Every structure is written in C-alpha cells, then in structure tokens.
Amino acid sequence: MEKLKQNEVYTGVVEGYSSEGLGIVRLDGAVVFVPRCVRGETIDLRITKVMKTAAAGEVVRVRKPSPERANPECPYFGKCGGCDFQHMSYEEELWAKRQHVQDALTRLGGLDIQVEEILGAKNPLHYRNKSQYPVGADGSIGFYQARTHKVVNIDRCLIQSEASDKVAQAVGEWMRHYKVSAYDETTGKGLLRHIYVRVNKKGESLVCIVVNGKQLPREPELVAYIHLAAPKTVGVVLNTNTKRGNVILGEKYRTLWGRSSLMDTLCGLEFKLSVPSFYQVNREQAEVLYGKALEFADLTGEETVLDLYCGTGTITLCLARHAKRAIGAEIVPPAVDDAWENAKRNEIENVEFFCGDAAKVARKMEEDGLTPDVITVDPPRKGLAPEVIGSIVGMAPRRVVYVSCDPATLGRDLKIFAACGYQTTRAVAVDMFPGTRHVETVVQLVRQEESQNL
C-alpha cells in the first residue's frame, strides 16, 4: 500500500462493486473503493484515505463513461445517505445486487450454487410505504447524510410516497408557524424528533409524530396541517420517546385524531398495521418475495409450518392457506396482537402465534417435540443466532426457507446450516429497495437425506 499516496490522482478501470455499492478499482494490486462510478468505466480518481489493506477514493474525471451511466434525477443524491445507485441504469443496479448476493453465497457461505435470477421492481420509484424523517436540531426535515446524524433538508424524495413527503413538509410548516422546537440529540432538549408515515395501497396514511415529551403545543392545528396536505390521512398518533440514542420509537402512544392503525392488502389478504408493526416497505415486491418463499416451501396442504420472526403474520398467513397448520413467532407484542387479528379478519383458523424471542420459542418448541415439516425465517439484518440455527436443526424439518435482508449474514448462516446437514438447493435475489444498496434473498435449504432423494 506504500505506493498509493493520499490526495494523489491515479487512472484506473472500475471492475465491479463492493457490498456497499462502491466501485472497485485495482491499482498496483491494491483495492480502491470509489463511490458513484460504473463498472467498465475508465476514471481519474483521487485517493482520499489509505488504509492497511485497501484505500478510498473519489472520482475526479470519467475518461471513458459506461453506457449504463445515468444522470441522477434526485437533486440530493450524494448529499443524502439514502440512495446508492442513482448514477447508473436500473439494469446495472440489478446486476450489482445479484453479484453481491452471489459473492456472499460463494465466498462467505462456501457454497457451489448460482443465484438463479434477481427479480427487479416494475416501479422503482415512490415505492416505500413507510417513511421515517428525522428532524434536525435546526428544524431541517429529511434524511441523514451518509455515516452522520446531520439531517439533509429534503422537499421531495424519489423513493418515498408523495403523500409522506407532503406530510413531512406540512409538519415543518406547522413547526415554523407556531415556533415548535426540534429535538437536539447533543443536549437532549427540544420536542420534535421524527415524523413517521405509513401509506397503504389505497393511498391512505397513518402519521406518527415522535416527541421528546408527552404532548405538543397546538395539537389540533398540527392535525389540520397534516389533513390539509394529505386528505387521505386516517389517523395522527403521538409517540413519546424521551430516551437518548438512535431508537426511533418510544413505548407510549396517544392518538391525536382518527385511528391508531392502518389497513392494507397484501397477497390477497387484509392486514392491520399499528405504528411499530414490522411490514415490508415495498408492497409490490413483497408479494414477489412471498410468492418465491411459498414456491420454495413446496407445500402440499399436509404440512406443519413454523414461521420465525413472523411480524404481523404476513408470511405465516400466506403459508397457512397452503399448509395443514402454521405457527408464527415474534418478539414484538403489538405485532403478535395484530397477527392474531389478521388471522381472524382473513378467516384463517389453522394458524397460531407465540410472542417471544426466536431462540427461546424455537428451543421450547424443540423441547415440546414439535416436528415441523418446513421452517421459514425472516430475521433482522444480524441474521440468525447460533442457538436459533441449533434449535431449527434439532426440529429436523425437511426444508428451511430463509428470507434474508443481508447477504453477508445469510452466507455466514448457510455455512453453519451446511455443517449441520442442510444443503442450499435454490437461491433467488429480490430487489425490494431500488436505488439503495440493499437486497433481499430467498433461499431453499433441504435436509441432506431429503436432497439425496430429489
């Protein structure tokens, strides 16, 4: 690495992308990570940081642009930390994401398997049905700059719903008009912390205002501002969060107006969503994702299915329609309450839900002698804890369907499953988050004795 010098300009070719969506350029055997460049391009780059095994750089000039390079439509691209791929075509973005998943399965998982395809979004703009806008100490409302807590003030975002943006703007106008203070995370003082908006398929909105206190001045006027900006709003909720730290929502809610939940339709089923309930942020692609999970579960109607990290029961209920019995487990109590209500609303009776940590629920079911034929998991970004994998293996299901939002932890976990006798037989990537570096993967694992009989 001694050959590369900080602030020096070098010329190189972009070979591919890192897991964070950065371009990879090799100079004298050293890897340089460069943002906002496209595979195949020849670029002049300035070294901004030299590390032990790699370096960081920035584009000075594109000598030979790729035909996949695009002009970012978003005026905040490069300032806001939300999107990573607006400088390239959607086809190139999908290539980068599929390759990211493939690298994780091959290098981290040690697997000899090809990612079959990546299922792209028909509508890569305005797809998010949940928006969370931090409020800066200076009253800015938008999103954090990359790797900081500095809020970039944003009027319009290309991946949020238009209704959510209008709500955020309306709250900002109300704050300025009535001189309502914004929360300052360095001092712990001030009121408004976050604006949180859910939008359903009909375009209806549920708004939650997160505050450092129990109430706001001029609450009726706040509701009026929101309703004027987004007439399809069905409820405005106040959430109290007086704790320091990065957790957005506190534990106490108070409804200022209307309803405290939102109804939505997914995969032909109706779901009730309270503010803290987990729900996939891209409805159209969630249907694609769940359809693939159902295909990999390969149900005949005679199986018992266990769904860990079930949220409001979306995957569980989809599986229940094709299984003899479905069981969901989730750690968030309001989500479990919603799951039971969703089952009742959709008249699905062959399903039950348990509230608790996935590891404890899985261990108890293993101890109780539950022998599910299929287990599905949709864990958070950190993946599965070793004890969860141990309990899954202990229940000896014929198949495991793993839905992952992080290829790295997926690769790690699949390697453990392989050592426990489960072979990864199919893998498909799904682009749930166009414009960003994030990608979902659905994987089918089959118990070794079963795979030998296929």
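Just above sits the structure.
A quick note: this is a predicted structure, and the numbers were derived from the prediction, not measured.

**Q** Could you clarify how one ought to interpret the packing of aromatic side chains in this entry?
**A** Any aromatic ring pair is given by two values, namely how distant the centres are and how the planes are angled relative to each other. Evaluated as defined, the whole model comprises seven aromatic pairs. Each ring, one from Tyr17 and one from Trp95, has its centre 6.2 Å from the other, and the planes form 65°; the classification is edge-to-face. Residue Tyr17 is located in strand S1 (residues 9-17), and its partner Trp95 is located in helix H1 (residues 90-108); the two are separated by 78 residues in the primary sequence. The buried category is assigned to Tyr17, whose relative accessible area is 11%. Taking relative accessible area as the criterion, Trp95 reaches 32% and is therefore assigned partly exposed. Consider the rings of Phe271 and Tyr279, whose centres lie 6.5 Å apart with planes at 55°: the pair is tilted.

**Q** So what exactly am I meant to see when it comes to the sheet that holds strand S3 (residues 30-34) here?
**A** To summarise the sheet geometry, strands pair through backbone hydrogen bonds and adopt either a parallel or an antiparallel arrangement. Taken in spatial order, the five strands close into a barrel running S1-S2-S3-S5-S4, and their pairing is mixed. In this sheet, neighbouring strand axes are inclined to one another by 50° on average, regardless of whether the strands run parallel or antiparallel. Here S1 runs beside strand S2 (residues 23-27); their pairing, made up of three bridges, is antiparallel. Counted as the bridge partner of Gly16 is Ile24 from S2.

**Q** How should I be thinking about the pattern of salt bridges in this particular structure?
**A** Any two side chains of opposite charge can pair, given that their charged atoms come close. Enumeration over the complete set of coordinates arrives at 22 salt bridges. Where Asp368 meets Lys364, a salt bridge forms, and the shortest distance between an N and an O atom there is 2.7 Å. For Lys364, a relative accessible area of 47% corresponds to the partly exposed category. Each of Glu116, Glu117, Lys292, Glu295 and Arg426 takes part in a single network of salt bridges with overlapping partners.

**Q** Just to check I follow, could you spell out helix H2 (residues 162-178) for this structure?
**A** Side chains three or four residues apart in an α-helix point the same way, a direct result of the helix having 3.6 residues per turn. Counted at 1.5 Å a residue, the expected span for H2 with its 17 residues is 24 Å, and the 25 Å between its end C-alpha atoms agrees. Every buried residue of H2 is accounted for by Ser164, Asp165, Val167, Ala168, Ala170, Val171, Gly172, Trp174 and Met175. Each element contacted by the buried residues of H2 is listed here: strand S7 (130-134), strand S10 (192-199), strand S11 (205-211) and helix H3 (219-229). Looking at the residues trailing H2, positive phi occurs at Lys179, about 55°.

**Q** Whenever I open this one, empty space enclosed by the protein confuses me. Can you help?
**A** A water-sized probe, rolled over the atoms, reveals where empty space remains. The full count for this structure, using the stated rule, is two cavities of 30 Å³ or more. Here the largest cavity defines a volume of roughly 50 Å³. Along its surface, the largest cavity is lined by Tyr17, Ser18, Ser19, Gly21, Phe85, Ala96, Lys97, His100 and Arg437. When residues in the lining of the largest cavity are grouped by element, the largest group, three residues, is from H1. Residues that form the lining of the largest cavity fall into these classes: three nonpolar, four polar and two charged. The volume enclosed by the second largest cavity comes to roughly 40 Å³.

**Q** Whenever I open this one, the nonpolar core confuses me. Can you help?
**A** Side chains of a nonpolar character, in soluble globular proteins, are inclined to be buried together. In terms of nonpolar packing, the biggest core is built from 74 residues, with Val171, Met175, Leu192, Ile195, Ile209 and Leu216 touching the most fellow members. Sorting elements by how many residues they give to this core places helix H4 (residues 283-297) first, with six residues. Aside from chain neighbours lying at most four places away, what touches Ile195 is Ser131, Gln132, Tyr133, Val135, Ile141, Val167, Ala168, Val171, Cys208 and Ile209. One finds Ile113, Ile118, Met395 and Val439 within the second-largest nonpolar core, a separate group that totals 37 residues.

**Q** Hey, could you run me through the sheet that holds strand S19 (residues 374-377) in this one?
**A** Read across the open sheet, the eight strands follow the order S6-S21-S22-S20-S19-S16-S17-S18; overall the sheet is mixed. Each edge of the open sheet carries a strand with a single partner, namely strand S6 (118-119) and strand S18 (351-355). With four bridges joining them, S19 and strand S20 (residues 399-404) adopt parallel strand pairing. Among the inter-strand pairings, Val377 is bridged to a residue of S20, identified as Tyr402.

**Q** Would you take a moment to explain the side chain of Lys292 for this structure?
**A** Within the secondary structure, Lys292 is located in helix H4. Classification of Lys292 as buried rests on a relative accessible area of 10%. Apart from residues lying up to four places away in sequence, Lys292 is in contact with Glu117, Leu119, Arg426, Val428 and Val442.

**Q** Is there a simple way to think about the side chain of Asp406 in this case?
**A** Relative to the assigned elements, Asp406 resides in the loop between S20 and helix H9 (407-419). One buried charged residue, Asp406, remains without a salt bridge, the closest side chain of opposite sign being Arg381 at 4.4 Å. If we ignore the near neighbours within four places in the chain, the residues touching Asp406 are Arg381 and Val439.

**Q** Looking at this model, I keep getting lost on the pairing of strand S12 (residues 233-240). Mind explaining?
**A** Two faces, one strand: in a regular strand the side chains alternate between the faces of the sheet. Of all eight residues in S12, eight are buried, a share of seventy percent or more. Where S11 and S12 come together, seven bridges link them in parallel fashion. By the bridge assignment, Ser205 is partnered in S12 with Thr233. Regarding topology, H3 serves as the crossover connection from S11 to the parallel S12, and that connection is right-handed. In this structure, S12 lies alongside strand S13 (residues 252-258), joined through six bridges in antiparallel fashion.

**Q** Explanation requested: the pairing of strand S16 (residues 304-308) in the structure shown.
**A** Counting buried residues in S16 gives five out of five residues, a clear majority hidden from the surface. By the alternation rule, side chains of S16 split into Thr304, Leu306 and Leu308 and Val305 and Asp307, which are all buried. In terms of strand pairing, S16 meets strand S17 (residues 325-330) through five bridges, oriented parallel. Residue pairing in the sheet places Leu308 in a bridge with Ala329 of S17. Between S16 and its parallel partner S17, the chain crosses via helix H5 (residues 314-320), and the hand of that crossover is right-handed.

Criteria and thresholds
Residues numbered from 1 in each chain as written. Predicted model: local features only at pLDDT ≥ 70, side-chain atom pairs only at ≥ 80, totals over all residues. Heavy atoms only, no water. Phe/Tyr/Trp six-rings, centres within 6.5 Å; stacked < 30°, edge-to-face > 60°. Helix = DSSP H or I, 4+ residues; strand = E, 2+ residues; numbered from the N terminus. Buried < 20%, exposed > 50% of the residue type's maximum accessible area, 1.4 Å probe, protein only. Pairing = 2+ DSSP bridges. Axes fitted to C-alpha atoms, helices over the stretch in contact; angles between N-to-C directions. Salt bridge = Lys/Arg side-chain N within 4 Å of Asp/Glu carboxyl O. Expected span 1.5 Å × (residues − 1). Contact = heavy atoms within 4.5 Å. 1 Å grid on protein atoms, 1.4 Å probe; cavity = no way out; pocket = protein on both sides within 12 Å on 5 of 7 lines; lining within 4 Å. Points joined across faces, edges and corners; volume = space filled by probe spheres on them. Nonpolar A, V, L, I, M, F, W, Y, C, P; charged D, E, K, R; others polar. Core = buried A, V, L, I, M, F, W, Y, C linked by side-chain atoms within 4.5 Å. Lys, Arg positive; Asp, Glu negative; His and termini not counted. Right-handed = clockwise from strand over helix to strand, strands pointing away.

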